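Below, each chain spelled out in residue letters.
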Amino acid sequence: QPGAAPGLDWSHAFVHEHVVQEYIERPLLLDGLKFDLRLYAVVCDVAPLRVYLCREGLARFCTVPYEPPAAAGAGAPPPLPGTIGAVQGHLTNYSYQKDLPNFLYSNDPHGEGSSKRSLSSTLEHLAATHAQFSVGRFWDQAATIVQATLLASQSHLIGAYGALGFPVVSGG
C-alpha cells in the first residue's frame, strides 16, 4: 500500500501493466500439441457483480509437437525467439503462430485439426481422449476462475464493464 513503508517508491506499481504466470512443465497435450483455451465473459454489473460466462470460446494450438525444455533445469521457461529450441511448440499465442508455415487454417466452424478451434469441439476431444477429463468439472472450475478474477479486480471494473477474455492453460 502506498505510504505504508517510508522510502519505498510505489509509483511504478500502479502505472505499468504486469502479467503474472507460471510456466507449466507438464502441460496437458492434445494430439501431442500444447494449447490454451480462451473463455469469454460478459460483465453486466459490478455492484453487485453480475457476469455471464459464454459456453463457446477458442482453443489455440501450437504448430509443432511439444517437447520439454532441454536440460535447462526444473521450472525453466521455454526457449525464447532467436535462441536454440522449438519455441513453436511452447507459445500458443495466435499473433505469433499465425505466420508460421505449419499454421493450419480451416473452414470447418469447429476447426477440427486446425491451429485455432472452437472451445466446444476441443472440450469434446479432450473428454474422448483423456479419461480423467470432465467437461462438467471444467466448466465448474472455469466459473470459479472467472469469479475469483473478477472479485479480485472488482473495484477497478466500476464503470468499465463489458466483454472480457480469459486465457486458460491446463497442466497435465
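Residues numbered from 1 in each chain as written. Predicted model: local features only at pLDDT ≥ 70, side-chain atom pairs only at ≥ 80, totals over all residues. Heavy atoms only, no water.

Let us look at the overall build of the protein chain. Helices and strands together make up the secondary structure of the protein chain, namely 4 helices and 6 strands. Going from the N terminus to the C terminus, the protein chain shows its helices and strands as β-β-β-β-α-β-α-α-α-β. Evaluated residue by residue, the protein chain yields a buried proportion of 30% over its 172 residues. As presented, the protein chain carries roughly 11000 Å² of accessible surface, and 57% of it is formed by carbon and sulfur atoms. (Helix = DSSP H or I, 4+ residues; strand = E, 2+ residues; numbered from the N terminus. Buried < 20%, exposed > 50% of the residue type's maximum accessible area, 1.4 Å probe, protein only. Areas by Shrake-Rupley, 256 points an atom, 1.4 Å probe, with all protein chains shown as cover.)

To continue, consider the side chain of Thr122. In this fold, Thr122 is placed in helix α2 (residues 119-129). Other than its neighbours up to four places away in sequence, Thr122 contacts Leu30, Phe35, Leu37, Ala59, Phe61 and Arg117. (Contact = heavy atoms within 4.5 Å.)

Turning to the side chain of Thr92, a few remarks are in order. Following the sequence through the fold, Thr92 ends up in the loop between β4 (58-61) and α1 (94-97). For Thr92, a relative accessible area of 12% corresponds to the buried category. Among the polar contacts made by the side chain of Thr92, one reaches the side chain of Asp36 at a distance of 2.8 Å. Apart from the residues lying within four places of it in its own chain, the contact partners of Thr92 are Lys34, Phe35, Asp36, Arg60, Cys62 and Gln97. (Polar contact = N/O pair within 3.5 Å; in protein donor to acceptor, adjacent residues only side chain to side chain.)

One finds Leu37, Leu39, Leu123 and Phe138 to be the most contacted residues of the largest nonpolar core, which totals 23 residues. Element by element, the count of residues in this core is highest for strand β2 (residues 33-46), at 7 residues. (Core = buried A, V, L, I, M, F, W, Y, C linked by side-chain atoms within 4.5 Å.)

Glancing now at the packing of α2 against helix α3 (residues 135-152). One way to put it is that α2 packs onto α3 with a least axis distance of 10 Å and a crossing angle of 130 degrees. With respect to α3, the axis of α2 lies oblique. Contacts between α2 and α3 involve Leu119, Leu123 and Ala127 from the first element and Val135, Phe138 and Trp139 from the second. (Axes fitted to C-alpha atoms, helices over the stretch in contact; angles between N-to-C directions. Parallel < 35°, antiparallel > 145°, perpendicular 65-115°, else oblique.)

Next up on the list: the pairing of β4. In this structure, β2 lies alongside β4, joined through 4 bridges in antiparallel fashion. When the sheet's bridge partners are listed, Asp36 is paired in β4 with Arg60. For β4 and strand β5 (residues 116-118), the ladder comprises 3 bridges, and the chain directions are antiparallel. For Ala59, the partnering residue across the bridge sits in β5 and is Arg117. (Pairing = 2+ DSSP bridges.)

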